[in-house]
Amino acid sequence: MTHEITAGFLPLLDSALLVAAKEKGFAEEHSVALKLVRERSWATIRDRLAVRHFDVAHILAPMPIACNLGLTAPAPQMVVPMALGLGGNAVTVSPELWSEMVDHGATADLDARSSGLALRQAIVGRKGDKVRLGVVHPYSGHNYELRYWLAASGIDPENDVEIVILPPPDMADALTAGTIDGYCAGEPWNTLGVLRSDAHLATVKAAIWKSSPEKVLGVNGRWADNHPEALAALLRALYQASLWCSNPANHEELAALLATTTYVGRPAENLLPALTGRLSIGGGQIQTVQDFFVPNAKAATFPWRSHALWFYTQMVRWGHIEHTPGHQQIAADTYRPDLYRSALKTLGVALPSANSKVEGGLATETPVGSTGTLTLGPDGFFDGSLFDPDRVDAYIESQTIR
């Protein structure tokens, strides 16, 4: 039996697992006829999931949680049975703002702490002329990780800067036009900002929150309930695609696949840096970033409930939702490691032994107990804080704006 599945995606590097699953035959191998439909905005992805134009989608990691909490409409009930990799974002700033940051100690090492402190001093020096920063959606990892970085650097995201919403493909053009001073986005839009707008990378997601999720497989909940075999087959295909994407020998071919107008539609040479971790950071400099985008290693596709709960705490922190036990449970239940485990058990995949973990608990790469050989970490936040998913109340109480 062939399972016909329609998936929406945005033209971003981290759609790679879906693209490889279709183009390299992994979907077909698992009897999945996978149709990929390119969209321009995350709101359209959400809407088309709600009206069943899409069965599944490449989607922002916090968005299914927001949908299930009723924060965005139309709001399909969604499940997240798989992540689509770790990392992949960066914070890019205009040449003018970068120059101001350099005057206050910023360096080209992409260190989140020193860049954040330099940005704070640059903002003070502007004497009321607010820095405007772009993110791709209110309920995005970009927004929450940017806000976390700003707040931990002594910058109030609500008052010291202005955060605006733009589709990813518009970021570099908005920077060139002077509409924004910087942005947090996925690849290739940071690379294109450097190449087209003479921008500079200030820091990367892998420095702000190591081993953190960016995009996930969002699934219409009703479709998942009615098509368990099709969903399981897709998860197996995507996992095999993640293995293929993670092999350095395949990076040039993957960049060429993504470069076509069907998918990302940008030159392969603009996509390859993020796959290799050798990024153009501005000023003609190249920086190697470990774990910039991780398609498979370190349980990169596992839907950790601790990831879901951290996003939930940020929704509470920034006034998007009231903290209640019911809301917390909805957030945790959105991510479905049980579906992941069930689908992949026949592949003999090394699986985590738990569904949650303390974020920031691993300072180095660490072998962990699982159903096979698995290494996790390092993980955690640049300011050294820990998030214990068993102590959500205390974590929320400990967070301040600055």
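Description of the structure in this document. From a predicted model like this one, the values you see are computed outputs, not experimental measurements.

For the rest of this paragraph, the subject is the layout of surface pockets. The computed volume of the largest pocket comes to approximately 240 Å³. Along the wall of the largest pocket there are 18 residues; nearest its centre are Ser 246, His 251, Leu 275, Phe 293 and Pro 295. Contributions of two or more residues to the lining of the largest pocket are made by α12 (228-246), α14 (268-276) and β15 (293-294). Among the elements that line the lining of the largest pocket, the one with the most residues is α14, at 3 residues. Grouping the amino acids of the lining of the largest pocket by side-chain chemistry returns 10 nonpolar, 6 polar and 2 charged. Estimates place the volume of the second largest pocket at around 200 Å³.

Where a strand is regular, its side chains alternate between the two sheet faces. Within strand β7 (residues 131-135), 4 of the 5 residues are buried, which leaves the element mostly enclosed by the surrounding structure. In this sheet, strand β8 (residues 161-165) lies alongside β7 in parallel orientation, the contact comprising 5 bridges. Across the sheet, residue Val 131 finds its bridge partner in β8, namely Val 161. The handedness of the β7 to β8 crossover, carried by helix α7 (residues 141-152), is right-handed. Where β7 and strand β9 (residues 182-186) come together, 2 bridges link them in parallel fashion. Counted as the bridge partner of Leu 133 is Gly 182 from β9.

Glancing now at empty space enclosed by the protein. Per the stated rule, a full pass over the model turns up 1 cavity of 30 Å³ or more. Each pocket or cavity is described by its volume, and for the largest cavity that value is around 60 Å³. Together, Leu 86, Ser 211, Lys 298, Ala 299, Trp 304, His 307, Lys 357, Leu 362, Leu 376, Gly 377 and Asp 379 line the largest cavity. In terms of residue class, the lining of the largest cavity is made up of 5 nonpolar, 3 polar and 3 charged.

Moving on, we get to the sheet that holds strand β6 (residues 89-93). What the 5 strands build is an open sheet, ordered β8-β7-β9-β6-β10; its pairing is mixed. A single partner strand is all that each edge strand has here, and the edge strands are β8 and β10 (200-204). Taken over all neighbouring pairs, the strand axes of this sheet differ in orientation by 25° on average, direction set aside.

Leu 34, Met 101, Trp 149, Val 204, Leu 217 and Trp 310 are the most contacted members of the largest nonpolar core, which has 147 residues in total. It is α12 that contributes the most residues to this core, 12 residues altogether. In this structure, Met 101 is in contact with Val 93, Ala 106, Ser 115, Ala 118, Leu 119, Ala 122 and Ala 202, ignoring residues within four places of it in sequence.

On inspection of all chains with the given rule, the structure shows 19 salt bridges. In this structure, Asp 338 engages Arg 336 in a salt bridge whose closest nitrogen and oxygen atoms are separated by 2.8 Å. Arg 336 sits in the partly exposed class, given a relative accessible area of 23%. Between Asp 379 and Lys 357 there is a salt bridge whose closest N-O contact spans 3.3 Å. Highlighted residues: Asp 379 in the loop between β17 (375-376) and β18 (380-381) and Lys 357 in the loop between α17 (337-344) and β16 (366-367), separated in sequence by 22 residues. No difference in accessibility class separates Asp 379 from Lys 357, as the two residues are buried. By sharing partners, the salt bridges in this structure join Asp 14, Glu 145, Lys 205, Glu 214 and Lys 215 into a single network.

Attention shifts here to helix α5 (residues 95-103). Among all positions in α5, only Leu 97, Trp 98 and Met 101 are buried. Buried residues of α5 fall within an arc of 100° about the axis and therefore sit on the same side. Exposed positions of α5 whose direction lies more than 90 degrees from the buried face are Glu 96 and Asp 103. Along its buried surface, α5 packs onto β6, α6 (112-125), β7 and β10.

What follows deals with the packing of α12 against helix α13 (residues 251-259). At a closest axis distance of 8 Å, the pairing of α12 and α13 adopts a crossing angle of 115°. Residues Trp 244, Cys 245 and Ser 246 of α12 touch α13, and the partners they reach there are His 251, Glu 253, Leu 254 and Leu 257. Across the contact of α12 with α13, the residue classes tally to 4 nonpolar, 2 polar and 1 charged.

This paragraph deals with the packing of aromatic side chains. Within the structure shown, the criterion is met by 12 aromatic pairs. With a centroid separation of 4.5 Å and an interplanar angle of 50°, the aromatic rings of Trp 209 and Trp 310 are classed as tilted. On the criterion of sequence distance, the pair formed by Trp 209 in strand β11 (residues 209-210) and Trp 310 in helix α15 (residues 305-317) is long-range, its members being 101 residues apart. Trp 310 carries the same exposure label as Trp 209, and that label is buried. Through a chain of ring-to-ring contacts, the aromatic side chains of Tyr 148, Trp 209, Trp 310, Phe 311, Phe 381 and Phe 382 assemble into a single cluster. In this arrangement the basic side chain of Arg 147 is found over the ring face of Trp 318, its NZ or CZ atom lying 5.1 Å from the centre. When the ring centre of Trp 304 is taken as reference, the NZ or CZ atom of Lys 357 above it lies at 5.2 Å.

Scoring rules and cut-offs
- Residues numbered from 1 in each chain as written.
- Predicted model: local features only at pLDDT ≥ 70, side-chain atom pairs only at ≥ 80, totals over all residues.
- Heavy atoms only, no water.
- 1 Å grid on protein atoms, 1.4 Å probe; cavity = no way out; pocket = protein on both sides within 12 Å on 5 of 7 lines; lining within 4 Å.
- Points joined across faces, edges and corners; volume = space filled by probe spheres on them.
- Helix = DSSP H or I, 4+ residues; strand = E, 2+ residues; numbered from the N terminus.
- Nonpolar A, V, L, I, M, F, W, Y, C, P; charged D, E, K, R; others polar.
- Buried < 20%, exposed > 50% of the residue type's maximum accessible area, 1.4 Å probe, protein only.
- Pairing = 2+ DSSP bridges.
- Right-handed = clockwise from strand over helix to strand, strands pointing away.
- Axes fitted to C-alpha atoms, helices over the stretch in contact; angles between N-to-C directions.
- Core = buried A, V, L, I, M, F, W, Y, C linked by side-chain atoms within 4.5 Å.
- Contact = heavy atoms within 4.5 Å.
- Salt bridge = Lys/Arg side-chain N within 4 Å of Asp/Glu carboxyl O.
- Arc of directions from axis to C-beta.
- Phe/Tyr/Trp six-rings, centres within 6.5 Å; stacked < 30°, edge-to-face > 60°.
- Lys NZ or Arg CZ within 6 Å of the ring centre and 35° of its normal.

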